[in-house]
Every structure is written in C-alpha cells, then in structure tokens.
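# Summary of structural features
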Amino acid sequence: MWAVSALLLLQGCGEGTRSPPVLTVLAAASLSEVFPELEQAYEQAHSGVDVQVSLAGSQVLATQVRYGISADVFASANVRHVEELIAEGLLENGEVFASNELVLALSDTWEGSLDLKNLVEVGSLVLGTPESPIGSYTERFLERASGVYGDDWLGAVRSRVVSRESNVRLAAAKVILGEADAAIVYATDCLGQEALRCVPVSEELAPKVSYHQARLVQSPAAGPAMAWMEFVESEVGLEVLQRFGFGGPVP
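### Describing the overall build of the chain
Counting its regular elements, the chain contains nine helices and ten strands. Dimensions along the principal axes, computed over C-alpha positions, put the chain at roughly 90 × 40 × 30 Å. Taken across its 251 residues, the chain has 43% of its residues classed as buried. Residue pairs in contact within the chain that sit at least 24 positions apart in sequence constitute 78% of those at least 6 positions apart. As presented, the chain carries roughly 12,100 Å² of accessible surface, and 53% of it is formed by carbon and sulfur atoms. In the chain, 15 positive and 33 negative side-chain charges are present, and the distance between their average locations comes to 5 Å.

Take a look at the structure:
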C-alpha cells in the first residue's frame, strides 16, 4: 500500500511540473521584428503555450520542412514555397495573412537621383538570390521594368550587381553597413533605418508581395498551430502587423 501511495504521489508531482506545450513557428527573415511581438501577444492570450519562432529565408525553411524538421507552422514571404509543400503533402491549411511592397534602398550617403530609371547610376547593387522570395520578386520587377526602360537598361542594372543574398535582411544590411550603394528590399526593411533612403517601386512595375502561412502535416502541436494561425489573421494580429509596416492580406 505504501509503494502504491508513493507512486501516485510521484505521478502527481510529475503532472504538476509538466512543461508547457511548445509551438514552433518557422518564419521568413523579413518577419524578424513583428513575429516576436506576435509571439508575446499570443502567449499572453494563450497561457500555457510556449511559442518559439525560428527565422531564416523562406527557401531555407522550406528545405528544413522537406528534411522533416519538427515544427508546427511555416510562414513564408511568398506563396510558391507554401504551394509546393502543400502539393508534396507536407503542409495544409494555407492562408495569406499579410502584404508588403518592394522598394529601392539607397545608402544615406547617396547623392544621385532617386528615380528608378536611374538605377543604372549606382556603383554597386545587392539583390536576393533567385530562390529567395525577395530575389524572385526582384526578378519579376526587373523584367517588367525592362519593358519600359529597355534591354540595355536591364543589362546595365545587372552589371551593377555585386552580391546576391539568401534573405532580404542580409541584402539590406549590405547597404546599412556601407558595403553597397543600393539594394532592392521590402518597405518594412526601411522602417527605423536612418542609414537607408528608400524609393517605392511603382505599382505598374511592382509584383504583389504576399505572406502565406500553413500548418505542417506532422505538427506535434496541431491545436495550438491552428490557434496561432487564426490569431495572426485576427484583428489583433493585423493591428500588430500594420504597426510594423505590413499591409493586410492581398489575393
């Protein structure tokens, strides 16, 4: 009888010290500031859940999903990676939750024109890799712009490229640190950055920048994962996103 009582006591103690469920969110690098804020807000509204945000380029995170990483939600800076992983049976319940805009970020020491047509004047330009969302959006922008400014313009712009980075934050950092004259980044990368002078890309030339999230099929915390996605898309989530410069969902 004493042994049984002791066992029950130990089990009770174990239940009392059980760790809270962990919700792992894989998020695009451009969400580096806003997702920790959403994490804090979600944990306040859902006591007992420990949210852990892992940040990297969307294409890097997509590779991690393919290799079987233990995670619950994938938030990508474009729809392609999400759609591909859904088709492969690795994600489900994909939804768009935010939008952004392309801008040309110039060093604050730049004394030349701020007109996109005069992009050929910069001495050094940083772009994202073609596999990254920012690189993919940039290529679409450049192709559209070449239809307006000509193939010679496009060739001259490409000749200024000195680096291709795996995510948008690395591209912006090159300009902030004075290692390049300009980079094509998102509008949110310019907020609070006094070292950058940013020029919006015209709506006629700019592709739509949209953010998508989906739950991993093998999510260890399926319930909290769906609750997180609903929270991000809620009025509270949208308010936080807009505070950090993101727009609402676009089709």
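Back to the text.
### Observations regarding the sheet that holds strand 5 (residues 102-107)
Spatially, five strands are ordered 7-6-8-5-9 in an open sheet, and the strand pairing comes out mixed. Looking at strand neighbours, the two that pair on one side only are strand 7 (161-165) and strand 9 (196-200), the edges of this open sheet. Taking each pair of neighbouring strands and ignoring which way they run, the sheet shows an average axis angle of 30°. Direction of pairing for strand 5 relative to strand 8 (residues 182-186): antiparallel, over a ladder of five bridges. Bridging across to strand 8, Leu102 finds its partner in Tyr186.

### A look at the nonpolar core
Membership of the largest hydrophobic core comes to 62 residues, with the highest contact counts inside it found for Leu31, Phe35 and Trp228. With residues near it in sequence (within four places) discarded, Phe35 still touches Val25, Ala27, Val53, Ala75, Phe97 and Trp228. In this structure, Leu61, Val82, Leu91 and Ala214 belong to the second largest nonpolar core, which totals twelve residues.

### Here's the deal with unusual backbone geometry
Unlike most non-glycine residues, Asn93 shows phi in positive territory, near 60°. In this structure, Asn93 sits in strand 4 (residues 91-100).

### Some words on the environment of Cys190
Following the sequence through the fold, Cys190 ends up in the loop between strand 8 and strand 9. Cys190 sits in the buried class, given a relative accessible area of 16%. In sequence terms Cys190 and Gly245 are 55 residues apart; their C-alpha atoms lie 9.5 Å from each other. In contact with Cys190, not counting residues within four places along its chain, are Val103, Ala105, Val185, Leu196 and Cys198.

### A short note on the sheet that holds strand 10 (residues 209-216)
Strand order in this open sheet of five strands is 2-1-3-10-4, and the pairing throughout is mixed. Looking at strand neighbours, the two that pair on one side only are strand 2 (50-56) and strand 4, the edges of this open sheet. Strand-to-strand, the axes of this sheet are offset by a mean angle of 20°, without reference to chain direction. One ladder, built from three bridges, connects strand 1 (residues 22-28) with strand 3 (residues 73-76); its direction is parallel. Of the residues in strand 3, the one forming a bridge with Leu26 is Phe74. Across the sheet, helix 8 (residues 222-232) touches strand 1, strand 2, strand 3, strand 4 and strand 10, and the angle it forms with strand 10 is around 160°.

### Quick notes on the packing of helix 3 (residues 58-66) against helix 4 (residues 79-87)
Direction vectors running N to C along helix 3 and helix 4 enclose 10°, while the axes themselves pass 10 Å from each other. One finds that helix 3 runs roughly parallel with respect to helix 4. Counted together, Ser58, Gln59, Ala62, Val65 and Arg66 of helix 3 and His81, Glu84 and Leu85 of helix 4 form the full contact between these two elements. For the contact of helix 3 with helix 4, the residue count by class is three nonpolar, three polar and two charged.

Criteria and thresholds
- Residues numbered from 1 in each chain as written.
- Predicted model: local features only at pLDDT ≥ 70, side-chain atom pairs only at ≥ 80, totals over all residues.
- Heavy atoms only, no water.
- Helix = DSSP H or I, 4+ residues; strand = E, 2+ residues; numbered from the N terminus.
- Buried < 20%, exposed > 50% of the residue type's maximum accessible area, 1.4 Å probe, protein only.
- Contact = heavy atoms within 4.5 Å.
- Areas by Shrake-Rupley, 256 points an atom, 1.4 Å probe, with all protein chains shown as cover.
- Lys, Arg positive; Asp, Glu negative; His and termini not counted.
- Charge placed at Lys NZ, Arg CZ, Asp CG, Glu CD.
- Pairing = 2+ DSSP bridges.
- Axes fitted to C-alpha atoms, helices over the stretch in contact; angles between N-to-C directions.
- Core = buried A, V, L, I, M, F, W, Y, C linked by side-chain atoms within 4.5 Å.
- Parallel < 35°, antiparallel > 145°, perpendicular 65-115°, else oblique.
- Nonpolar A, V, L, I, M, F, W, Y, C, P; charged D, E, K, R; others polar.

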